[in-house]
Amino acid sequence: MVRVIDLKSHDGEAVTLKGWLYNKRGKGKMLFLLLRDGSGICQCLVMKNGVSEEAFEAAKGLTQESSIIIHGTAKVDERAPGGAEVVVNELEVVQVAEPYPITPKEHGSGFLMDHRHLWLRSKRQMAILRIRSRIIKSFRDYLDNDGFFCVDSPIFTPNACEGTSTLFETKYFDETAYLTQSGQLYAEASAMALGKVYCFGPTFRAEKSKTRRHLTEFWMLEPEMAYADLTDVCDVAENMLRYTLQQVLEHNMTDLEDLERDPELLRSWDREFPRLTYDEAAVQLMQWQKEGKYESNFKPGDDLGAPDETMLGEHYGCAVMVTHWPAEIKAFYMKQDGEGHALGVDIIAPTAGEIVGGAVREEDAQVLLDRIHAHELPEEAFQWYLDLRKYGSVPHGGFGIGLERTVSWMTGVEHVRECIPFPRTMTRLMP
Ligand code: 4AD
Ligand code: MG
């Protein structure tokens with residue numbers, strides 16, 4: 001069996017393709033079957049005098065998404081979509097599909113979301129999934145090649161990482177457990193063992209927001225490094241993202257084309273990310289508001305809202321790093337600079353908004369304990385975390401990158417619900 005993506009290297013050879021009928025065109029004695037097999041879509045030419053009578057009749061009767069096996073000869077042809085086609089000499093019908101609910105005509109997004117299990121087979125969704133897969137591989141390859149070890153964090157946890165207001169609670173025998181909001185606290189423990197680690201897995205937030213950037217279940221990759229400062233954290237995030245842009249450009253050109261995404265845009269983002277402090281960003285945002293360049297309620301001290309992130313992304317035309325945040329609006333674990341700033345970094349990407357949140361962690365046991373009290377977190381549940389500050393505590397830091405928002409950024413797909421196979425949101429648990 002040959003996969004569509006490899007067809008070009010089999011010019012003139014007998015090949016077998018296994019897949020599904022994406023679409024069909026025909027005129028009299030000639031049928032064009034568009035076969036998709038997940039790696040791509042290929043045009044298969046069925047001629048009445050090139051196959052048995054039964055096979056030709058069977059081809060004529062194929063419905064959208066029927067499963068088929070095709071035997072034929074590969075032919076490189078620059079005019080064919082994908083650069084090659086197959087001249088068919090034998091056809092096996094595995095199943096003739098029932099009338100397919102999703103047709104090439106327009107459907108509403110609610111209908112498509114209800115049929116997500118089938119919608120995944122459309123050209124656009126397949127392209128998004130392939131780019132998602134490439135992004136995951138690139139993140140991991142980059143870190144693996146840079147001496148990081150993959151160490152997983154648990155999903156059932158006894159405590160909050162990112163604030164208590166977005167916790168999903170679940171019964172855990174006679175106790176209460178929470179679905180993890182972030183693997184970070186455990187990654188810190190792993191980093192004290194292996195030096196440079198990352199965890200990658202699903203994370204959960206009971207977000208009561210219905211924006212195009214929020215899911216209740218999303219995937220996050222979280223590198224954590226012992227003996228690292230804020231510059232180290234920023235450097236790893238930037239280099240990993242630039243490597244990922246390069247990999248997508250190298251391997252996913254057809255997918256970008258299917259998404260009508262200009263590759264030059266991605267190429268232009270492969271540059272040094274501007275780094276500015278929160279205070280610098282705040283001055284600029286206030287200035288732009290005054291000049292009427294955009295509208296927002298933002299004032300210094302506030303967290304950035306969607307319009308502020310959009311404005312920053314548009315102004316710089318690439319991913320921007322904002323560092324040194326007001327400590328009050330950041331998490332309890334962030335180390336401070338003594339002037340009220342948390343040593344944190346957010347990366348804001350054009351249109352996708354915040355894709356990365358990272359920081360240097362407080363490494364002093366007493367300061368951290370005071371912080372836990374100030375945030376009214378249950379001290380009991382954090383004893384093990386405080387231990388890390390008692391036994392060989394070192395400066396350390398890391399970040400979390402949201403996979404779906406990164407996919408949204410690179411693909412240009414506006415809504416994160418299309419950037420994950422089966423989205424979970426406030427209003428959706430099915431399919
Ligand atoms: O900024 P956040 O909350 O940071 C953390 O969780 C840290 N503990 C990470 C760390 O330092 N190891 O989340 C990190 C990223 C965000 O920048 C965003 O990309 C994504 O996770 N994210 C979401 N993506 C989709 N839906 C949501 N509800 C998200 N919340 C955060
Ligand atoms: Mg954040």
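Residues numbered from 1 in each chain as written. Chains lettered and ligands numbered in written order. Predicted model: local features only at pLDDT ≥ 70, side-chain atom pairs only at ≥ 80, totals over all residues. Heavy atoms only, no water.

Peer 1: Please explain a nonpolar patch on the surface as it appears in this structure.
Peer 2: On the surface, a cluster of nonpolar side chains totalling about 370 Å² of accessible area is made up of Phe156, Tyr172 and Phe173. Its place among the elements puts Phe156 in strand E7 (residues 156-157). Overall, the relative accessible area of 47% leaves Phe156 in the partly exposed class. (Patch = residues over 30% accessible without salt bridge, like charges linked within 9 Å, V, L, I, M, F, W, Y side chains within 5 Å. Areas by Shrake-Rupley, 256 points an atom, 1.4 Å probe, with all protein chains shown as cover. Salt bridge = Lys/Arg side-chain N within 4 Å of Asp/Glu carboxyl O. Helix = DSSP H or I, 4+ residues; strand = E, 2+ residues; numbered from the N terminus. Buried < 20%, exposed > 50% of the residue type's maximum accessible area, 1.4 Å probe, protein only.)

Peer 1: Sorry if this is basic, but what is going on with the site of ligand 1 here?
Peer 2: Lining the immediate surroundings of ligand 1 are 23 residues, of which Glu162, Gln184, Glu222, Glu354 and Ile355 lie closest. One of the side-chain N or O atoms of Gln184 is found 2.6 Å from a nitrogen atom in ligand 1. The separation between an oxygen atom of ligand 1 and a polar main-chain atom of Gly357 is 3.4 Å. When ligand 1 sits alone it has 630 Å² of accessible area, and the protein chains cover 94% of it. Those elements that provide at least two residues to the shell around ligand 1 are strand E11 (217-226), strand E15 (353-360) and strand E16 (396-402). (Near = heavy atom within 4 Å. Polar contact = N/O pair within 3.5 Å; in protein donor to acceptor, adjacent residues only side chain to side chain.)

Peer 1: Just to check I follow, could you spell out the sheet that holds strand E9 (residues 175-179) for this structure?
Peer 2: An order of E7-E9-E8 is seen for the 3 strands of this open sheet, with the pairing classed as antiparallel. Two strands in the sheet have a free side with no partner beyond their single neighbour: E7 and strand E8 (168-172). Pairing of E8 with E9 involves 5 bridges; the strand directions are antiparallel. Its bridge partner being in E9, Glu169 is matched across the sheet by Tyr178. (Pairing = 2+ DSSP bridges.)

Peer 1: Which parts of the structure should I look at to understand the sheet that holds strand E14 (residues 341-349)?
Peer 2: What holds strands together in a sheet is hydrogen bonding between their backbones, with the strands either parallel or antiparallel. One open sheet holds the 8 strands; their spatial order is E6-E10-E11-E16-E15-E14-E13-E12, and the pairing between them is mixed. Each having just a single partner strand, strand E6 (149-150) and strand E12 (275-277) make up the two edges of the open sheet. Pairing of strand E10 (residues 196-204) with E11, which is carried by 9 bridges, proceeds in the antiparallel orientation. Considered in E11, the bridge of Tyr198 is made with Pro223. The strands that helix H6 (residues 230-251) touches are E11, E12, strand E13 (320-326), E14, E15 and E16; relative to E16, the one it contacts most, it runs at about 30°. Against the sheet, helix H13 (residues 403-411) engages E10, E11, E14, E15 and E16, with an angle of about 60° to E16. (Contact = heavy atoms within 4.5 Å. Axes fitted to C-alpha atoms, helices over the stretch in contact; angles between N-to-C directions.)

Peer 1: Would you mind showing me how to read the packing of aromatic side chains here?
Peer 2: To describe a pair of aromatic rings, one takes the distance between the centres and the angle between the planes. For the coordinates displayed, the defined rule picks out 13 aromatic pairs. Aromatic pair Tyr172 and Phe173: ring centres 5.2 Å apart, planes at 70°, arrangement edge-to-face. Judged by centre distance (5.3 Å) and plane angle (45°), the ring pair of Tyr278 and Trp325 falls under tilted. Placement of Tyr278 in helix H9 (residues 278-290) and of Trp325 in strand E13 is noted, with a sequence separation of 47 residues between them. With relative accessibility at 0%, the residue Trp325 sits in the buried group. Of the aromatic side chains, those joined through ring pairs into one cluster are Tyr186, Phe332, Tyr333, Phe382, Trp384 and Tyr385. Above the plane of the ring of Phe32 lies Arg25, whose end atom (NZ or CZ) is 4.8 Å from the centre. Sitting over the ring of Trp325, Lys330 keeps its end group 4.1 Å from the ring centre. (Phe/Tyr/Trp six-rings, centres within 6.5 Å; stacked < 30°, edge-to-face > 60°. Lys NZ or Arg CZ within 6 Å of the ring centre and 35° of its normal.)

Peer 1: Hey, could you run me through the packing of H6 against H13 in this one?
Peer 2: Working note: a packed helix pair is described by the angle between its axes plus the distance between those axes. The geometry of H6 relative to H13 is characterised by a closest axis approach of 12 Å and an angle of 50° between their N-to-C directions. Here H13 runs oblique to H6, going by the angle between their axes. In the crossing of H6 with H13, the sense of the turn from one axis to the other is right-handed. On H13, the residues that touch Leu241, Thr244, Leu245 and Val248 of H6 are Thr406, Trp409 and Met410. Of the residues belonging to the contact of H6 with H13, the class tally is 5 nonpolar, 2 polar and no charged. (Parallel < 35°, antiparallel > 145°, perpendicular 65-115°, else oblique. Left-handed = near helix turned anticlockwise from the far one by under 90°. Nonpolar A, V, L, I, M, F, W, Y, C, P; charged D, E, K, R; others polar.)

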